[in-house]
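# Fold and geometry: a report
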Amino acid sequence: MTVTAHEVRAASVEAAPVAPPTFTEWWRHTLVFAGRNIQHIRRLPEKLLDVTLQPIMFVLLFAYVFGGAIGVPGGNYREYLIGGILVQSLSFVMVGPATSIATDLQEGVIDRFRALPARRAAYLSGHFLAELGGMALSIAILLGSGLLVGWRAHDGIASLMGGFVLLLLFAAVMVWIGTLIGLAVRTPDAVMGVGFTVVFPLVFLSNAFVPVSTLPDALRHVAEWNPISTLVAAVRDLFGNTTGQVGAQPWPLEHAVPLSFVSCAALLAVVVPLSLRRYRARTID
């Protein structure tokens, strides 16, 4: 049987190994997918309400409506408030990335992206980059709002930057948790129920808005060991807002700063591989 030159060339092309994408290619693809998310915001500016207007509303509400009725040791509730509002806002924003990914999965958008000559994981990394940018904007707006109502950082620029880094690290955790939830649920409608069922009790059963010493004994012990309480205490320590922290503190709150950094890093080490594995499972051929 005679083999033609065309068949030889076709066989050699099929047998040729496909070079894995380089880091530069992966980063370029990531920026393309991140740009897609940003384009959505440009066309639908109301998508930024949860990271712009909503945090300002919370600051004003608690500072001027509830602030007069809530007392803390030291008397400056507005400085006590900002750390809690920051953590609370970043905790609930996880619903956004979860809903976005669940919608893309349901509408088949991700399946269409797979036909493009791009690395599969670039969709997730681009999504993460865009969402983290929104979180950073939310942190900046909240700190600016805090300055307007009387909040100040008292421990210098290095400690202030440490607090900002911790908040960004926590924001990264919440984006990846939202990503995992979006990949796990069957419909976008389920995201809100799952997110609020988990986040709502964690945030409000903590020291975010009131000192844990004001809670009943059973709830106080829960709040003292609540990871949200530890994170809020760490942010307040780094910003020098120690109002409300009087007397001996329980172990998690006494070591809040190192414990918060370690906890966030550990959560990232767990949730990122789980998200990638779930993404591969949902997009398998």
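Below is a summary of the structure that appears in this document. (Residues numbered from 1 in each chain as written. Predicted model: local features only at pLDDT ≥ 70, side-chain atom pairs only at ≥ 80, totals over all residues. Heavy atoms only, no water.)

## Examining the overall build of the protein chain
What the protein chain contains, in helices and strands, is 13 helices and 0 strands. Ordered by position from the N terminus, the helices and strands of the protein chain form the series α-α-α-α-α-α-α-α-α-α-α-α-α. Considering the protein chain as a whole, with its 285 residues, one finds that 42% of them fall into the buried category. As presented, the protein chain carries roughly 14700 Å² of accessible surface, and 68% of it is formed by carbon and sulfur atoms. (Helix = DSSP H or I, 4+ residues; strand = E, 2+ residues; numbered from the N terminus. Buried < 20%, exposed > 50% of the residue type's maximum accessible area, 1.4 Å probe, protein only. Areas by Shrake-Rupley, 256 points an atom, 1.4 Å probe, with all protein chains shown as cover.)

## Concerning the layout of surface pockets
Considering only enclosed or pocket space, the largest pocket measures out at about 400 Å³ in volume. Phe170, Leu202, Pro227, Ile228 and Leu267 are, among the 23 residues lining the largest pocket, the residues nearest its centre. Elements that contribute at least two residues to the lining of the largest pocket include exactly helix H8 (156-184), helix H9 (189-204), helix H11 (227-239) and helix H13 (256-282). Across the lining of the largest pocket, the residue classes tally to 18 nonpolar, 5 polar and no charged. (1 Å grid on protein atoms, 1.4 Å probe; cavity = no way out; pocket = protein on both sides within 12 Å on 5 of 7 lines; lining within 4 Å. Points joined across faces, edges and corners; volume = space filled by probe spheres on them. Nonpolar A, V, L, I, M, F, W, Y, C, P; charged D, E, K, R; others polar.)

## A word on the nonpolar core
Core analysis: the biggest nonpolar cluster contains 65 residues, and Leu86, Val87, Tyr123, Leu167, Phe170 and Phe209 have the highest contact counts within it. Sort the elements by how many residues they give to this core and H8 lands first, with 11 residues. When neighbours within four sequence positions are excluded, Leu167 is seen to be in contact with Leu86, Val87, Leu90, Ile139, Val235 and Phe239. (Core = buried A, V, L, I, M, F, W, Y, C linked by side-chain atoms within 4.5 Å. Contact = heavy atoms within 4.5 Å.)

## Structural notes on the pattern of salt bridges
Tallied over the full model, the rule gives 3 salt bridges. For Asp104, the salt bridge goes to Arg36, with nearest N and O atoms at 3.1 Å. With a gap of 68 residues between them, Asp104 in helix H5 (residues 95-106) and Arg36 in helix H2 (residues 23-43) connect regions that are remote in the sequence. In terms of burial, Asp104 and Arg36 fall into one category: buried. A salt bridge links Arg220 to Asp217; its shortest N-O distance comes to 3.2 Å. In this pair, Arg220 and Asp217 both sit in helix H10 (residues 217-224), 3 residues apart, roughly one turn of the helix. Under the relative-accessibility criterion, Asp217 is labelled exposed at 53%. Taken together, the shared-partner salt bridges in this structure form one network comprising Asp217, Arg220 and Glu224. (Salt bridge = Lys/Arg side-chain N within 4 Å of Asp/Glu carboxyl O.)

## Observations concerning the packing of aromatic side chains
Tallying each qualifying case throughout the model produces 14 aromatic pairs. On the basis of an interplanar angle of 85° and a centroid distance of 5.9 Å, the ring pair of Phe33 and Tyr123 is categorised as edge-to-face. You can see Phe33 sitting in helix H2 and its partner Tyr123 sitting in helix H7 (residues 122-149), a full 90 residues away along the chain. In this structure Tyr123 comes out as buried when scored by relative accessible area, which is 2%. In textbook terms, an aromatic cluster arises when at least three aromatic residues are bridged by ring pairs, as seen for Phe58, Phe62, Phe92, Phe196, Phe200, Phe204 and Phe209. Above the ring of Tyr80, the side-chain terminus of Arg236 is found at 3.6 Å from the ring centroid. (Phe/Tyr/Trp six-rings, centres within 6.5 Å; stacked < 30°, edge-to-face > 60°. Lys NZ or Arg CZ within 6 Å of the ring centre and 35° of its normal.)

## Some points on the side chain of Ser229
Inspection of the secondary structure puts Ser229 in helix H11. Judged by relative accessible area, which is 0%, Ser229 ranks as buried. Within the structure, Ser229 has its side chain in polar contact with the backbone oxygen of Ala223 (distance 2.7 Å). Setting aside chain neighbours within four positions, we find Ser229 in contact with Ser206, Asn207, Ala223 and Leu253. (Polar contact = N/O pair within 3.5 Å; in protein donor to acceptor, adjacent residues only side chain to side chain.)

## Some thoughts on the environment of Thr214
By the secondary structure assignment, Thr214 is in the loop between H9 and H10. Sequence-wise, Thr214 and Val72 are 142 residues apart; in three dimensions their C-alpha atoms are separated by 9.3 Å.

## Side note on the packing of helix H4 (residues 77-92) against H8
Put simply, H4 and H8 touch, their axes get as near as 9 Å, and they point 25° apart. Compared by their axis directions, H4 and H8 come out roughly parallel. Relative to H8, the crossing made by H4 is right-handed. Within the contact between the two elements, H4 uses Leu86, Val87, Leu90 and Ser91 and H8 uses Leu167, Phe170, Ala171 and Met174. (Axes fitted to C-alpha atoms, helices over the stretch in contact; angles between N-to-C directions. Parallel < 35°, antiparallel > 145°, perpendicular 65-115°, else oblique. Left-handed = near helix turned anticlockwise from the far one by under 90°.)

## Some details on the side chain of Thr230
Following the sequence through the fold, Thr230 ends up in helix H11. Residue Thr230 is classed as buried on the basis of its relative accessible area of 6%. Contact partners of Thr230, with chain neighbours within four places excluded, come to Pro252, Leu253, Ala256, Leu259 and Ser260.

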